[in-house]
Amino acid sequence: MTCGNEPIVLALPGNEVLAADLVSALGAEPGRLTLHRFPDQEICVRVVTPVAGRDVVLVCALDRPNDKLVKLYLAASTLRSLGARRVLLVAPYLPYMRQDSSFHAGEGVSALYIGRWLSDFLDGLVTVDPHLHRTRNLHEIYRMPAIIVHSAAAIARWIRDNVSRPMMLVGPDAESRQWIERVAREVPCDYLVLDKVRLGDHDVELRPPTSPLKQDRAAVLVDDIISTGGTMLAAIRRLRADGFDAPICIGVHALFIDDAYRCLRRSGAQNIVTCNTIPHASNAIDLHRWLAPAVRELLAQPPQPGR
Ligand code: R5P
């Protein structure tokens, strides 16, 4: 039974499970939209649920983002034209964050452009551990209310429940320090951050660690994104060469491009575990309990004037 004031949660295709979890956790109304793809690949969005005067929460993990961003734009614009009060986005995986600088002459800064564009047609954002590196604060590029949910507590809980030996958390590169430190504090346990040199899209090299190693510990690798799997594979090789047993690999965002997941499974990783920010067979850490309060906090904020 709905009373018409609660938010409406709408899943873009592929996000139905998380959307349903959020409906229950928020006491929201489940909404329905359909997408029709014409023979020429253009898309038409139809919102079936009446939305006039209501806050609408769109749920869409933005991995493999190009097609999804167009769908998101069309859905948000349709909702606005139907009189939705606010259109908020839950994007557990936020794309285009790694091109946060112009690395070569003539390159653009995609993180900035995508952030500005999404901010133009959305009223708020909840995301999980976005790849903040050279950009320290999400508000430098997102000009709308935005809340970051950290996966550290959920990852730490999984580690405590599943790893019984004394352990050592390992971050594959400098960027991972921010996640590793948080998880290590929560477990609690020691951690080590490796030094990565990226040689190409698929190729990375990890330098031998300089700090003393404790090979009797279970090594638990933690990174934010597993994309080609190159970073995890190189880290596994590094740790094996340094005398550790096969490590456990934990990623926040399971991008797993092409056969990355298969290669990683064959590489001798003891276990591969991810959070459910992108639906994938490796998802073992459920974050909806952490996402729901962030959505509630966003909904409690007054609508921004002039938006
Ligand atoms: C990069 O800095 C990220 O934190 C990840 O380490 C990276 O995106 C992983 O990519 P791949 O799996 O392609 O090595």
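Refer to the preceding data block for the structure.
Given the structure is predicted, the values throughout are model-derived calculations rather than measurements.

**Regarding helix H5 (residues 177-186)**
Within H5 the residues assigned to the buried category are Trp179, Ile180, Val183 and Ala184. Projected down its long axis, H5 shows its buried positions confined to an angular sector of 125°, all on one face.

**Structural notes on the sheet that holds strand S16 (residues 283-285)**
Within the open sheet, the 6 strands sit side by side as S10-S9-S13-S14-S15-S16. Their pairing is parallel. A strand with exactly one partner marks an edge of an open sheet, and here the two such strands are strand S10 (190-193) and S16. Pairwise comparison of adjacent strand axes, ignoring direction, gives a mean angle of 35° for this sheet. The pairing of strand S13 (residues 218-226) with strand S14 (residues 248-254) spans 6 bridges and is classified as parallel. Note on S14: the bridge partner recorded for Ile226 is Ala254. Each of strand S9 (167-171), S13, S14, strand S15 (271-275) and S16 touches helix H4 (residues 152-162); the most contacted strand, S14, lies at about 155° to it. Strands S9, S10 and S13 of the sheet are contacted by H5, whose axis makes an angle of about 170° with S10.

**Overview of the site of the ligand**
Contacts to the ligand come from 15 residues, most closely from Glu175, Asp223, Asp224, Thr228 and Thr231. Here Ser227 contributes a backbone N or O atom positioned 2.8 Å from an oxygen atom of the ligand. Gly229 places a polar main-chain atom, nitrogen or oxygen, 2.9 Å from an oxygen atom of the ligand. Within the complex, 95% of the 370 Å² of free accessible area of the ligand lies under protein. More than half of the atoms belonging to the ligand lie within 2 Å of the grid points that define the largest pocket. Counting only elements with at least two residues in the shell around the ligand, the list comes to strand S11 (195-198), S13 and helix H6 (230-241). Its residues assigned to classes, the shell around the ligand comprises 2 nonpolar, 6 polar and 7 charged.

**Some words on the pairing of S13**
Burial runs high along S13: 9 of the 9 residues are buried. Where S9 meets S13, 4 bridges bridge the pair, whose relative direction is parallel. Each residue of the ladder has a partner; that of Met167, found in S13, is Ala218. Between S13 and its parallel partner S14, the chain crosses via H6, and the hand of that crossover is right-handed.

Reading guide: rules and limits
- Residues numbered from 1 in each chain as written.
- Predicted model: local features only at pLDDT ≥ 70, side-chain atom pairs only at ≥ 80, totals over all residues.
- Heavy atoms only, no water.
- Buried < 20%, exposed > 50% of the residue type's maximum accessible area, 1.4 Å probe, protein only.
- Helix = DSSP H or I, 4+ residues; strand = E, 2+ residues; numbered from the N terminus.
- Arc of directions from axis to C-beta.
- Pairing = 2+ DSSP bridges.
- Axes fitted to C-alpha atoms, helices over the stretch in contact; angles between N-to-C directions.
- Contact = heavy atoms within 4.5 Å.
- Near = heavy atom within 4 Å.
- Polar contact = N/O pair within 3.5 Å; in protein donor to acceptor, adjacent residues only side chain to side chain.
- Areas by Shrake-Rupley, 256 points an atom, 1.4 Å probe, with all protein chains shown as cover.
- 1 Å grid on protein atoms, 1.4 Å probe; cavity = no way out; pocket = protein on both sides within 12 Å on 5 of 7 lines; lining within 4 Å.
- Sits in = over half its atoms within 2 Å of the grid points.
- Nonpolar A, V, L, I, M, F, W, Y, C, P; charged D, E, K, R; others polar.
- Right-handed = clockwise from strand over helix to strand, strands pointing away.

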